[in-house]
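Now for the letters of each chain:
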Amino acid sequence: MSRPTLVLLVPGSERERFLSDIRALGLVERPDPFFDLLELGGNTYGFALSGRVIEDFEPEELEEVARVASDPYAVLVEYENAEAAKVLLGMLIRDRTGVVDTNYGELIEFSEFVRRMEGEPEWDWRT
């Protein structure tokens, strides 16, 4: 069964710090061809840190992202449900520059995503 995914896009200049912060949460690198594993607070997440997911973006989307995150670096995140994603994103994107690609047709700046998570507790970008 496939799980929902989203993409976190950060400025290329922040790539190493962002990846380091993800690994510091307890990321376990696996021989799985695609996802490294993170177990956090009873939830399981998959991460693809290679950056190759950027190849799936349309040029217009990359232009929009580049307004916020120049030379964007993309991290693919697999999550169980919206609540689990909010827990993780609350740790990873707060006070950072970047864009969330919800994979449901929206590109949302990190600050706006955090604002909506906190201001609208029932918000689910997948609906």
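Our subject is the structure that appears above.
Here the structure is a predicted model, which means the values were calculated and not measured.

Rules and cut-offs
- Residues numbered from 1 in each chain as written.
- Predicted model: local features only at pLDDT ≥ 70, side-chain atom pairs only at ≥ 80, totals over all residues.
- Heavy atoms only, no water.
- Buried < 20%, exposed > 50% of the residue type's maximum accessible area, 1.4 Å probe, protein only.
- Helix = DSSP H or I, 4+ residues; strand = E, 2+ residues; numbered from the N terminus.
- Pairing = 2+ DSSP bridges.
- Salt bridge = Lys/Arg side-chain N within 4 Å of Asp/Glu carboxyl O.
- Axes fitted to C-alpha atoms, helices over the stretch in contact; angles between N-to-C directions.
- Contact = heavy atoms within 4.5 Å.

(A) Region of the structure containing the pairing of strand S3 (residues 43-48). Summarising burial for S3: five of the six residues are buried, a large majority. The sheet contact formed by strand S2 (residues 36-40) and S3 spans five bridges and is antiparallel. Bridge pairing in S3 links Asp36 to Phe47. Taken together, S2 and the strand that follows it, S3, pair antiparallel across an intervening segment of two residues, in which Gly41 is found at a positive phi of about 55 degrees. Examined bridge by bridge, S3 and strand S4 (residues 72-78) share three bridges and lie antiparallel to one another. Bridging from a neighbouring strand, Phe47 pairs with Val77 of S4.

(B) Structural detail: the pattern of salt bridges. Per the stated rule, a full pass over the model turns up eleven salt bridges. Residue Arg94 pairs with Glu118 through a salt bridge whose shortest N-O separation is 2.3 Å. With Arg94 in the loop between helix H3 (82-92) and strand S5 (99-101) and Glu118 in helix H4 (residues 110-119), this pair connects stretches of sequence that are 24 residues apart. Residue Arg94 is classed as partly exposed on the basis of its relative accessible area of 36%. Among the salt bridges present, the one from Glu120 reaches Arg116, with a minimum N-O distance of 3.6 Å. Judged by relative accessible area, Glu120 falls into the partly exposed class, the value being 32%. The buried category is assigned to Arg116, whose relative accessible area is 19%. Taken together, the shared-partner salt bridges connect Arg3, Glu78 and Glu80 into one network.

(C) How the structure looks around the sheet that holds S2. Strands sit in the order S2-S3-S4-S1-S5-S6 across an open sheet of six strands; the sheet is antiparallel. Because the sheet does not close on itself, it has two edges, and the strands there are S2 and strand S6 (107-109). The mean inter-strand angle of the sheet, taken between neighbouring strand axes irrespective of direction, is 30 degrees. Contacting strand S1 (5-11), S3 and S4, helix H1 (residues 15-24) crosses the sheet at an angle of about 20 degrees to S4. Sheet contacts for H3: S1, S2, S3 and S4; angle to S3, the most-contacted strand, approximately 60 degrees.

(D) A look at unusual backbone geometry. Of note in the backbone geometry, Asp71 takes a positive phi value of approximately 45 degrees without being a glycine. Residue Asp71 is classed as exposed on the basis of its relative accessible area of 63%. Of note, the phi angle at Asp95 is positive, near 60 degrees, even though the residue is not glycine. Residue placement: Asp95 occurs in the loop between H3 and S5.

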